[in-house]
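The primary structure of each chain is shown beneath.
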Amino acid sequence: MEARDAWKLTDRLQAPSGKGDPFAAAVRATRMPMVVTDPGQPDNPIVFVNDAFLQLTGYERHQVIGRNCRFLQGPDTDQAAVSAIRAAVESKTDIAIDILNYRRDGTPFWNALYLSPVTDDDGELLFFFASQLDVTQRKRAELDVIEERDRVEAAVAERTQELEVALQARTDLLHEVDHRVKNNLQLISALVLIERRKATDAATKATLTTLRERVEALSAVHRLLYRNDNVVRFDVAGFIREFAAEAAQARGKPPVGLKLDLDSISVAAAFAAPVALMASELVRIAITHALASGTERYISLSIKPTSDALYRFCIADDGTAEGIITSIEPDQKSFIELLATQLHAKVHWNGYVGPSHSICVDLPIDEPPRGG
Amino acid sequence: MDTQLRVFVVEDEVLLQMQLEVFLDEAGHLMVGSATTMHEAITRAPTAGADLALVDIHLADGPTGVEVGRALADMGLPVVFMTANARRIPADFSGAIGIISKPYSQTGVAEALKFLVSAVKHPPPEAPLPPCLTLAPALAERWRVN
Ligand SMILES: Cc1cc2nc3c(=O)[nH]c(=O)nc-3n(C[C@H](O)[C@H](O)[C@H](O)COP(=O)(O)O)c2cc1C
């Protein structure tokens, strides 16, 4: 029974100053607010408070003795904090937590609560002891920091959002322009088609066919740039593969055979149009040559890097006929030479690969060297 | 074997309609009707007696082609989109067989039609898939072509 009565030390605490033991006197006199509760009574009521507690909370002693401490809580008290304290009390462990409390006059303050069970030597719970500290100042500073951080984060988020919208608008615009370019190319080929169907003489028809094929080469460039979702680099091998397959199909019945040996090479998109026009012109020359000879079974197309800065595109026949060079119209030759000048490329008109006749072009992979 | 397709064309540019008619004709097919708006497409297609619809995404009344494609596919008319902006087409291709990318060439369209004849009339298609035609993912898987 001695242990159960141990809280009665509070009687001694309650005793007038000077009469209790020195410890009790110290607790009574300290400026640190303190309470003791008795878990042996229903709802764990307060059995002792010191003057500092009364000063902090604005209550009088008779108004708090016998009550549970939760009367300090109010509308904005965080229920998670209350639950944490309840859990600590139930499991008889100590807890340090900041909780929003209210004085008797209703003004809120931040309470840095430290609460711990007091047990006897056998581990039996005797009472709870708590100290309260008004940390409103510190808490306000903390909250200011959090608020400031939230404000900055909100500002950053808003700015990011603006930039994303701007980027999206730019991307949409790019897609819109891309879309119009493709539509216009389609319209141009339709216009050429109309004229070609009206043309009655062979020469005009041939001219318009050449024009159509060149427009189709440009069309293939734009299809590819979009399809690979890379509007910065142009896949030369992919272009040649696609263009040659269509051209062979379009011209020959049965189609001219294609032997392709294409290394993956991409060039700056700025060169896509002239490179495609030159490559397609050479492919058409090779196909025309094969068909005209009547004996050629296939043509070979190859691209290979020859150094860090150069790659070589070659067309070759199967060697059974006269050289390809004999099948070239003078204006085709000057068209290719013109593009070669722009691209800083070198054309080898009359070459051989084994028994095959070839035409090869050496092209720069990146920026053509700027003439000084 | 019946290799002629009767084609309904939904395209707001009259020049491109005309070009397609020539492409279809020269490839041995027939344009049986056309529309330039969603309304025209949905009212004319059911009576056109078509085997296939070629549908542009941007029509005279806005980017309504996807909806047109869905409606025609729901009527049981096979649809192929023809567009310069494949991004507008939903992942399931809105019920369409595939996409022909603009700008297309005469040969490209002819090759695509060769494939589509067997795809529409006697699936699965035997002709190889031409590069200018992108199949809807579900069909590409069913027909095991890529
Ligand atoms: C010794 C002791 C002191 C306490 N002091 C405070 C306090 O200053 N402020 C407060 O909000 N809660 C305080 N509490 C917590 C409440 O009394 C109660 O345990 C808490 O609200 C959880 O229980 P409930 O959910 O039943 O309210 C204290 C608890 C004990 C045991």
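Predicted model, so just to flag it, every value in this text is computed and none were measured.

Visitor: Honestly, the packing of aromatic side chains in this entry has me stumped. Any pointers?
Guide: Taken as a whole and judged by the stated rule, the model has 4 aromatic pairs over all chains. Their ring planes at 15° and their centres at 5.7 Å tell us that A:Phe239 and A:Phe243 sit as a pair that is stacked. Taken together, the residues span about one helical turn, with A:Phe239 and A:Phe243 both in helix α8 (residues 236-251) at a distance of 4 residues. The pair formed by A:Phe239 and A:Phe243 is uniform in burial state, with each residue classed as buried. Ring centres 6.4 Å apart and planes at 75° place the aromatic pair B:Phe23 and B:Tyr104 in the edge-to-face group. Of the two residues, B:Phe23 sits in helix α1 (residues 14-26) while B:Tyr104 sits in the loop between β5 (98-101) and α4 (106-121), which places them 81 residues apart along the sequence. With a relative accessible area of 5%, B:Phe23 lands in the buried category. Ring pairs connect the aromatic residues A:Phe234, A:Phe239 and A:Phe243, which therefore count as one cluster.

Visitor: What exactly am I supposed to notice about the sheet that holds strand β4 (residues 79-83) of chain B here?
Guide: Through backbone hydrogen bonds, the strands of a sheet pair up, either in parallel or in antiparallel fashion. Residue and element names in this part refer to chain B. Spatial ordering of the open sheet is given by β2-β1-β3-β4-β5-β6, a layout of 6 strands whose pairing is mixed. This sheet does not close on itself; its edge strands, each paired only once, are β2 (30-35) and β6 (133-135). Each strand of the sheet is rotated relative to its neighbour by a mean of 25°, with strand direction disregarded. Looking at chain direction, strand β3 (residues 52-56) and β4 are connected through 4 bridges and run parallel.

Visitor: Looking at this model, I keep getting lost on helix α9 (residues 272-293) of chain A. Mind explaining?
Guide: Two residues of an α-helix separated by three or four positions point the same way, owing to the 3.6 residues in each turn. Compared with the 32 Å implied by 1.5 Å per residue over 22 residues, the 31 Å span of α9(A) between its first and last C-alpha is a close match. Note on α9(A): the residue one or two positions beyond its end, A:Gly294, has a positive phi of about 75°.

Visitor: Help me understand the interface of chain B and chain A in this model?
Guide: How big an interface is tends to be reported as the loss of accessible area on association of its parts. Contact residues are listed per partner, giving 25 residues for chain B and 26 residues for chain A. A combined buried area of about 2,500 Å² lies between chain B and chain A, and 57% of that area is made up of carbon and sulfur atoms. Inspection of the chain B/chain A interface yields 1 salt bridge. The salt bridge involving A:Arg197 is made with B:Glu26; its shortest N-O contact spans 3.1 Å. Where chain B touches chain A, the interface holds 10 residue pairs in polar contact (both at pLDDT 80 or more). Going through the elements one at a time, α1 and α4 of chain B are the ones with two or more residues in the side of chain B that touches chain A. The element that contributes the greatest number of residues to the side of chain B that touches chain A is α1(B), accounting for 7 residues. Its residues assigned to classes, the side of chain B that touches chain A comprises 11 nonpolar, 8 polar and 6 charged.

Parameters and conventions
Residues numbered from 1 in each chain as written. Chains lettered and ligands numbered in written order. Predicted model: local features only at pLDDT ≥ 70, side-chain atom pairs only at ≥ 80, totals over all residues. Heavy atoms only, no water. Phe/Tyr/Trp six-rings, centres within 6.5 Å; stacked < 30°, edge-to-face > 60°. Helix = DSSP H or I, 4+ residues; strand = E, 2+ residues; numbered from the N terminus. Buried < 20%, exposed > 50% of the residue type's maximum accessible area, 1.4 Å probe, protein only. Pairing = 2+ DSSP bridges. Axes fitted to C-alpha atoms, helices over the stretch in contact; angles between N-to-C directions. Expected span 1.5 Å × (residues − 1). Contact = heavy atoms within 4.5 Å. Buried area = accessible area lost by both parts, 1.4 Å probe. Salt bridge = Lys/Arg side-chain N within 4 Å of Asp/Glu carboxyl O. Polar contact = N/O pair within 3.5 Å; in protein donor to acceptor, adjacent residues only side chain to side chain. Nonpolar A, V, L, I, M, F, W, Y, C, P; charged D, E, K, R; others polar.

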